[in-house]
Amino acid sequence: MACSWTAALPRDAEPFLQRVVPDGCVDLMWSSSGILVAGPDTGPMPAVVRPGDTVAAVRFGPGTAPPVLGVPADAIRDGRVPLRDLWGGEADRLAESVAAAPDPRAALVAAVRQRLRPAAPLVPAVVSGLAGGSVRDVADALGISERQLRRRSLAAFGYGPKTLQRVLRFQRALVLARAGEPLAGAAFAAGYADQAHLAHEVRDLAGEPVRNLL
């Protein structure tokens, strides 16, 4: 579990459209309509927050959601799936208990912690290896074939290793740029060939120019 978060709009506010961009994470989100599983995404996804809505969520870092959810990550890739489809009646009972709690976010976090299981052993090795090496380098370091790495990565992350590498690099660049690093420097530090390469990837993964996204 990477973090938890809440979002709410006053009843007199206008609906808010949030652009969700790929980050390799999976979110478990509670609202008055139930509990939804979101991601991992391969492109930009619109999310509407409506007046009066309150959302409480738990975010799973790359590769950490499948042991909790009980399904491989590629089964929910680019999806917004009711938790009931995965857990049946248990999801309904959880939604009711979270709704009745004085702090829905804390209640959801506590429920998730009870189900936490270790991620697949290859998860940290793949994430760290792809930050500075090729897919072949990572496979060799793990002692498996590239085909095996792809199969295991799909189950753990929802992406093959090449797509995962793109998503993680994209997020590294965004973190640097939002911290004030010039785009050329952010591109170089994140592992892009140049600023134009970063701009192309941002358009592909986020659906808009990098300066608009920032």
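So, a few notes on the structure that sits alongside this text. (Residues numbered from 1 in each chain as written. Predicted model: local features only at pLDDT ≥ 70, side-chain atom pairs only at ≥ 80, totals over all residues. Heavy atoms only, no water.)

**Looking at the pattern of salt bridges**
- Enumeration according to the criterion identifies 9 salt bridges in this entry.
- Across the pair aspartate 204 and arginine 166 runs a salt bridge, and its minimum N-O distance is 2.6 Å. Linking aspartate 204 in helix H10 (residues 195-206) with arginine 166 in helix H8 (residues 161-178), this pair joins segments that are 38 residues apart in sequence.
- Taking relative accessible area as the criterion, arginine 166 reaches 25% and is therefore assigned partly exposed. (Salt bridge = Lys/Arg side-chain N within 4 Å of Asp/Glu carboxyl O. Helix = DSSP H or I, 4+ residues; strand = E, 2+ residues; numbered from the N terminus. Buried < 20%, exposed > 50% of the residue type's maximum accessible area, 1.4 Å probe, protein only.)

**Quick word on the layout of surface pockets**
- Roughly 960 Å³ of volume is contained in the largest pocket.
- What lines the largest pocket is a set of 38 residues, and nearest its centre among them are Trp5, Val20, Met29, Ala47 and Val55.
- Looking at the lining of the largest pocket, its residues break down into 21 nonpolar, 6 polar and 11 charged. (1 Å grid on protein atoms, 1.4 Å probe; cavity = no way out; pocket = protein on both sides within 12 Å on 5 of 7 lines; lining within 4 Å. Points joined across faces, edges and corners; volume = space filled by probe spheres on them. Nonpolar A, V, L, I, M, F, W, Y, C, P; charged D, E, K, R; others polar.)

**A short note on the nonpolar core**
- Counting 24 residues, the largest nonpolar core has Leu28, Ile35, Phe60, Leu69, Leu83, Leu94 and Leu108 as the members making the most contacts within it.
- Secondary structure elements with two or more residues in this core: strand E3 (26-31), strand E4 (34-38), strand E6 (54-60), helix H1 (66-69), helix H3 (89-100) and helix H4 (104-115).
- Setting aside chain neighbours within four positions, we find leucine 83 in contact with Leu28, Ile35, Leu36, Val37, Leu69, Gly88, Ala91 and Leu94.
- Formed by 16 residues, the second largest nonpolar core is a distinct cluster that contains Val21, Tyr192, Leu205 and Leu213. (Core = buried A, V, L, I, M, F, W, Y, C linked by side-chain atoms within 4.5 Å. Contact = heavy atoms within 4.5 Å.)

**Details of the packing of H3 against H4**
- In contact at an axis separation of 9 Å, H3 and H4 are set at 145° when each is read in the N-to-C sense. Residues Glu90, Leu94 and Val98 of H3 form the contact with H4, whose participating residues are Pro104, Ala107, Leu108, Ala111 and Arg115.
- Of the residues that constitute the contact of H3 with H4, the class distribution is 6 nonpolar, no polar and 2 charged. (Axes fitted to C-alpha atoms, helices over the stretch in contact; angles between N-to-C directions.)

**A look at empty space enclosed by the protein**
- Tallied over the entire structure, the rule returns 1 cavity of 30 Å³ or more.
- In this structure, the largest cavity occupies an estimated 40 Å³ of space.
- Across the lining of the largest cavity, the residue classes break down as 9 nonpolar, 4 polar and no charged.

**Considerations on H3**
- When the terminal C-alpha atoms of H3 are compared, their 17 Å separation across 12 residues agrees well with the 16 Å that a helix rising 1.5 Å per residue should span.
- Taken residue by residue, H3 has Ala91, Leu94, Ala95 and Val98 as its buried positions. One side of H3 holds all its buried residues, which, seen down the axis, span an arc of 100°. Exposed residues lying more than 90 degrees from the buried face of H3 are Arg93, Glu96 and Ala100.
- At its buried positions, H3 is contacted by E3, E4, helix H2 (84-87) and H4. (Expected span 1.5 Å × (residues − 1). Arc of directions from axis to C-beta.)

**A short note on the sheet that holds strand E7 (residues 80-82)**
- Read from one edge to the other, the open sheet built from 5 strands follows the order E1-E6-E3-E4-E7, with strand pairing classed as antiparallel. Each end of this open sheet is capped by a strand with a single partner; those strands are strand E1 (3-8) and E7. Recorded for the sheet is a direction-independent mean angle of 25° between the axes of neighbouring strands.
- Two strands pair when backbone bridges link them, and E3 and E6 are joined in this way by 5 bridges, in the antiparallel orientation. Considered in E6, the bridge of aspartate 27 is made with arginine 59.
- In this fold H3 packs onto E3 and E4, with an angle of close to 115° to the strand it touches most, E4.
- Here H4 sits on the sheet and contacts E1, E3, E4 and E6; the angle it forms with E6, its principal contact strand, is near 30°. (Pairing = 2+ DSSP bridges.)

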